[in-house]
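A look at the structure
Below are the chains, spelled out letter by letter.
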Amino acid sequence: MNEEDRYFAIQTTSEGYDYAFYDNSFNLIDGGVLDKPDISTREAIEEILSGAGISTLSENLTFMDYGDLLDKVYSAEQQIEAIPPVSDRTEPEVSLQGKSMADIEETVLSYAQAQIDEMGLHDDAQLHGARVYGSRTREGLYSEQSDIDVVISYSGDIREDDFFNSLHEEGFSSAGIPVDINPISTEKTGSLEDYLETAEKYLDEKSALEPKQIEAEKEPEMKFFVADNMEHPVVGGYHENIGSLQEATTLYEQMSDGTVNHDVIEDNPHLKENPLVQKAVSELEEYKSSQSTEQTKGEETIEIKSQEKSVQKELGNDRKESVVQAFRDRQAKLKAQEIEKPKQKTQTHKKGDHEL
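Below you will find a few notes about this structure. Bear in mind the structure is a predicted one, so any value in this text is a computation, not a measurement.

**Notes on the overall build of the protein chain**
- Across its full length, the protein chain carries 9 helices and 9 strands.
- For the protein chain, the share of sequence-separated contacts (at least 6 apart) that also reach a separation of at least 24 residues comes to 54%.
- Element-wise, carbon and sulfur atoms account for 49% of the exposed surface of the protein chain, whose accessible area totals about 24800 Å².

This is the structure in structure tokens:
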């Protein structure tokens, strides 16, 4: 019979009744001997199940042939015995800082058993094996930040998530690398072989995709767009999918007032923190700054030249006016001399004149 996916078996012995509990994969959970040979089998069943918190009146109880149960239990035991506790990978691995997979698997099994004992579940859970799997078993798929993934196969009365939390409560590492321990129950998830087969298929697919992903990540591409109205880009002039900053800048100068507006970028964390966007904004501001400097230099040159022309003009006028004035002064002097000469003649005495 089963209760909550468990199986119960009982048989008589010389000492009383030998009994056992199995999980839904027919792995042994618990067992013992009820030392009461004088009671009936029914009474023994009721006493043992009552002690396990199971009522014989439960509607979930069903009965099965004892021989069939033993066959399934034997098959489960054979499957478990075929799995070595650790792998045969005993050579040092560069990806594991010189440790071997077998070393790490054995250490993790010891650590997991200690957690089971600490939880008081020594008689309720049984470890079957551990294997290193995941990215650190494939060259080119792991980085320095990658964990060491280890899967543990177990059976017994303990939930996978509870076991996982217990294994990760204090953290576990090997050779300075964090170890991510993933416990799988044979009752819920299945056998260790099936799990590893699925994991290997995933790594095969990842290995096939990884070169393409790396190639795509080598040269990230930046596209630009320019619009008259940034709040409503489709209104007015609009250009999109511009491949270069130079081309975008040319269009930008034709459409804008020459300022760099950061509002859209500042309001969008994804754009604000993107290094390509930051680089583009920096280059644009540098370009605008250089353009402004060149324009200022041009204006200063024009102003200086204008001033030079003005000075030359003033100097030319002054020189011309001084020459004219000198000519006028000379003319006035000559005229004064001409007037003075006749006066001198009238004052001269003629021969024969009488002098008073």
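On we go from here.
**Quick look at the sheet that holds strand β6 (residues 173-174)**
- Spatial strand order, β4-β5-β7-β6: 4 strands in an open sheet with mixed pairing. At either margin of the open sheet sits one strand with a lone partner, and together these are β4 (125-133) and β6.
- Pairing geometry for β6 and strand β7 (residues 177-185), over 2 bridges, is antiparallel. Pairing of Ser-174 across the sheet is with Ile-177, part of β7.
- Along the sheet face, helix α3 (residues 101-118) touches β4, β5 (148-156), β6 and β7 and points at about 150° away from the line of β4.
- On top of the sheet, helix α4 (residues 160-168) reaches β4, β5 and β7; it is set at about 160° to β7, its chief contact.

**Section: the pairing of β4**
- Counting buried positions over the 9 residues of β4 gives 8, a clear majority of the element.
- In this sheet, β5 lies alongside β4 in antiparallel orientation, the contact comprising 8 bridges. Within β5, the position partnered with Gln-126 by the bridge is Ser-155.

**Details of the environment of Ile-29**
- Within the element layout of this structure, Ile-29 appears in strand β3 (residues 28-34).
- Here Ile-29 falls in the buried class, since its relative accessible area comes to 10%.
- Between the C-alpha atom of Ile-29 and that of Asp-123, which follows or precedes it by 94 residues, the distance is 7.2 Å.
- Among all residues touching Ile-29, those that are not within four sequence positions of it are Arg-6, Phe-21, Tyr-22, Asp-23, Asp-123, Asp-124, Gly-156 and Asp-157.

**Some thoughts on the side chain of Glu-187**
- Structurally, Glu-187 can be placed in the loop between β7 and α5 (192-218).
- For the buried Glu-187, no salt bridge exists, and the shortest N-O distance to an oppositely charged side chain is 9.3 Å, to Arg-6.
- Within the structure, Glu-187 has its side chain in polar contact with the backbone nitrogen of Gly-156 (distance 3.0 Å).
- Here Thr-186 takes part through its side chain, which lies 3.4 Å from a polar atom of the side chain of Glu-187.
- Filtering out sequence-adjacent residues up to four positions away, Glu-187 remains in contact with Asp-23, Asn-24, Ser-25, Tyr-154, Ser-155 and Gly-156.

**Digging into unusual backbone geometry**
- Even without glycine at this site, Gln-97 takes up a positive phi of about 55°.
- Along the chain, Gln-97 turns up in the loop between α2 (66-81) and α3.
- The exposed category is assigned to Gln-97, whose relative accessible area is 54%.
- Although it is not a glycine, Ala-175 adopts a positive phi angle of roughly 55°.
- Secondary-structure assignment places Ala-175 in the loop between β6 and β7.
- Classification of Ala-175 as partly exposed rests on a relative accessible area of 39%.

Rules behind the numbers
Residues numbered from 1 in each chain as written. Predicted model: local features only at pLDDT ≥ 70, side-chain atom pairs only at ≥ 80, totals over all residues. Heavy atoms only, no water. Helix = DSSP H or I, 4+ residues; strand = E, 2+ residues; numbered from the N terminus. Contact = heavy atoms within 4.5 Å. Areas by Shrake-Rupley, 256 points an atom, 1.4 Å probe, with all protein chains shown as cover. Pairing = 2+ DSSP bridges. Axes fitted to C-alpha atoms, helices over the stretch in contact; angles between N-to-C directions. Buried < 20%, exposed > 50% of the residue type's maximum accessible area, 1.4 Å probe, protein only. Lys, Arg positive; Asp, Glu negative; His and termini not counted. Salt bridge = Lys/Arg side-chain N within 4 Å of Asp/Glu carboxyl O. Polar contact = N/O pair within 3.5 Å; in protein donor to acceptor, adjacent residues only side chain to side chain.

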